[in-house]
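Here is how the chains run, residue by residue.
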Amino acid sequence: MKTITFLKATTIGMGILIFAGLIAIFVKIADIRPKSKSLSARVSEVVLVFPENIKETMPCGDKLCVMTVGHESGRRLIIVNPESGRAESIITFKEML
């Protein structure tokens, strides 16, 4: 008799746990609050030597590549880190004479 009572209690307990688990899953699925944090725009300034002009800009992985023309030593590729707004590398392409 005690065994049957124990099995009934165990079955009822497991049923309650399964029901609570299903409720937790439905609550998690129904939680549709926005998860992303709003990102503030960074403002940075790059100073170019006059009469140097920007010819092309393109993404380079997580960096920004800026190709310029008109510098006295030739065309330059400036690799900018958008996080800091600073030039990480400047590659100069000199003209062959």
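Residues numbered from 1 in each chain as written. Predicted model: local features only at pLDDT ≥ 70, side-chain atom pairs only at ≥ 80, totals over all residues. Heavy atoms only, no water.

Moving on: the overall build of the chain. Helix and strand counts for the chain come out as 1 helix and 4 strands. Listed by position from the N terminus, the elements making up the chain come as α-β-β-β-β. Taking all 97 residues of the chain together, 14% fall into the buried category. Considering only contacts in the chain between residues 6 or more positions apart, those separated by 24 or more positions represent 11%. Accessible surface computed for the chain: about 8700 Å², of which carbon and sulfur atoms make up 66%. (Helix = DSSP H or I, 4+ residues; strand = E, 2+ residues; numbered from the N terminus. Buried < 20%, exposed > 50% of the residue type's maximum accessible area, 1.4 Å probe, protein only. Contact = heavy atoms within 4.5 Å. Areas by Shrake-Rupley, 256 points an atom, 1.4 Å probe, with all protein chains shown as cover.)

The next thing to look at is the pattern of salt bridges. Once their charged atoms are close, side chains differing in charge can pair, the charge on each being opposite to the other. This model, assessed by the stated rule, comprises 3 salt bridges. One salt bridge connects Arg76 with Glu52, and the closest N-O pair in it is separated by 2.9 Å. Linking Arg76 in strand β3 (residues 75–81) with Glu52 in the loop between α1 (2–30) and β1 (53–60), this pair joins segments that are 24 residues apart in sequence. By relative accessible area, which is 12% here, Arg76 ends up buried. One salt bridge connects Lys63 with Asp62, and the closest N-O pair in it is separated by 3.7 Å. When salt bridges with common partners are traced through the structure, they connect Asp62, Lys63 and Glu88 into a single cluster. (Salt bridge = Lys/Arg side-chain N within 4 Å of Asp/Glu carboxyl O.)

Moving on, we get to the pairing of strand β4 (residues 86–93). Summarising the sheet, β3 and β4 pair through 7 bridges and their orientation is antiparallel. Within the sheet, the bridge partner assigned to Arg76 lies in β4 and is Thr92. A loop of 4 residues connects β3 with β4, the two strands running antiparallel in sequence, and Gly85 in this loop sits at a positive phi of about 75°. (Pairing = 2+ DSSP bridges.)

Read from one edge of the open sheet, 4 strands run β1-β2-β3-β4, paired in antiparallel fashion. Across the chains shown, the open sheet's two edge strands, defined by having one partner strand only, are β1 and β4. Shown here is a sheet whose adjacent strand axes are inclined to one another by a mean of 20°, direction ignored. The pairing of β1 with strand β2 (residues 63–69) spans 7 bridges and is classified as antiparallel. From the neighbouring strand, Asn53 faces β2, where its bridge partner is Val69. (Axes fitted to C-alpha atoms, helices over the stretch in contact; angles between N-to-C directions.)

Distances and angles like these do not, on their own, reveal function.
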